[in-house]
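# Structure at a glance
Letter by letter, the chains look like this.
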Amino acid sequence: MTKAEVISEIADKTGIEKSDVTATVEAFFKVVKDSMADGNNIYVRGFGSFVNKKRAKKVARNISKNTSIIIDEHFIPSFKPSKTFVAKIKNSKKIKEAVVS
């Protein structure tokens with residue numbers, strides 16, 4: 001499902017104009033990106049957590065040149081779904097039917 005499809009579905013279910021839903025969804029993504037760039041984590045009860053994960057400094061290999069590369073310590077964005085979200089997916093009949101097919 002694409003972002004446009006998500007926006008259309010939200011607009012259909014709520015009766016809100018697509019332009020307003022688009023602005024809201026874009027604002028949500030901007031808040032998530034800006035907050036995480038500032039080092040803040042975001043917790044949405046019943047959905048999940050957007051967190052910054054710390055990656056330690058390490059030595060990697062460039063196999064084409066056979067040289068070592070030092071990768072500095074850095075942070076990457078990560079999403080951890082909530083227990084209720086995971087339970088809903090695990091118990092989904094449509095997903096189970098797709099796996100069997």
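Calculation criteria
- Residues numbered from 1 in each chain as written.
- Predicted model: local features only at pLDDT ≥ 70, side-chain atom pairs only at ≥ 80, totals over all residues.
- Heavy atoms only, no water.
- UniProt positions renumbered as here; feature names shortened; annotations may be inferred.
- Helix = DSSP H or I, 4+ residues; strand = E, 2+ residues; numbered from the N terminus.
- Rg over C-alpha atoms; globule rule 2.2 N^0.38 Å.
- Buried < 20%, exposed > 50% of the residue type's maximum accessible area, 1.4 Å probe, protein only.
- Contact = heavy atoms within 4.5 Å.
- Areas by Shrake-Rupley, 256 points an atom, 1.4 Å probe, with all protein chains shown as cover.
- Lys, Arg positive; Asp, Glu negative; His and termini not counted.
- Charge placed at Lys NZ, Arg CZ, Asp CG, Glu CD.
- Domains from an automatic or database assignment.
- Buried area = accessible area lost by both parts, 1.4 Å probe.
- Salt bridge = Lys/Arg side-chain N within 4 Å of Asp/Glu carboxyl O.
- Polar contact = N/O pair within 3.5 Å; in protein donor to acceptor, adjacent residues only side chain to side chain.
- Pairing = 2+ DSSP bridges.
- Axes fitted to C-alpha atoms, helices over the stretch in contact; angles between N-to-C directions.

Where an unreviewed UniProt entry is consulted, the chain appears under the name Integration host factor subunit beta, with the organism given as Nibribacter ruber. For the chain, the Sequence similarities (unreviewed entry) comment in UniProt is given as "Belongs to the bacterial histone-like protein family."

## Focus on the overall build of the chain
Secondary structure assignment for the chain yields 4 helices and 5 strands. Counting helices and strands in the order they occur from the N terminus, the chain gives α-α-β-β-β-β-β-α-α. The C-alpha atoms of the chain give 20 Å as radius of gyration, which overshoots the globular expectation for 101 residues (13 Å, by more than 25%). Relative to its full complement of 101 residues, the chain shows a buried share of 16%. The long-range share in the chain, meaning contacts at least 24 apart out of those at least 6 apart in sequence, stands at 29%. As presented, the chain carries roughly 8500 Å² of accessible surface, and 59% of it is formed by carbon and sulfur atoms. Between the mean site of the 20 positive side-chain charges and the mean site of the 11 negative ones, the chain shows a separation of 12 Å.

## Here we look at the environment of S19
Mapped onto the elements, S19 comes out in helix α2 (residues 18-37). As a C-alpha pair, S19 and F79 span 60 residues in sequence and 27 Å in three-dimensional space.

## A closer look at the domain arrangement of the chain
Once the domains are mapped, the chain shows domain 1 (1-39) and domain 2 (47-100). Averaged C-alpha coordinates put domain 1 and domain 2 at centres separated by 23 Å. Contacts between domain 1 and domain 2 engage 4 residues on the former and 5 residues on the latter. Buried area between domain 1 and domain 2, summed over both chains or domains, comes out near 310 Å², and the portion from carbon and sulfur atoms is 72%. The largest share of the area that domain 1 buries against domain 2 comes from F28, V32 and M36, three residues that together contribute 92% of it. Taken together, the connections running from domain 1 to domain 2 amount to 0 salt bridges. For the pair domain 1 and domain 2, the number of links is 1 residue pair in polar contact (both at pLDDT 80 or more).

## Details of the pairing of strand β2 (residues 48-55)
Both strand β1 (residues 42-44) and β2 contribute to a ladder of 3 bridges, which runs antiparallel. Bridge assignment links Y43 to a residue of β2, and that residue is S49. Here β1 folds back onto β2 in antiparallel fashion, the turn holding 3 residues, of which G46 has a positive phi close to 85°. In this structure, β2 lies alongside strand β5 (residues 74-81), joined through 8 bridges in antiparallel fashion. In the strand pairing of β5, F50 is matched with F79.

## A look at the sheet that holds β2
With antiparallel pairing, 3 strands are arranged side by side in an open sheet as β1-β2-β5. Every interior strand has two partners, whereas the edge strands, β1 and β5, have only one. Strand-to-strand twist of the sheet, defined as the mean angle between neighbouring strand axes without regard to direction, takes the value 30°.

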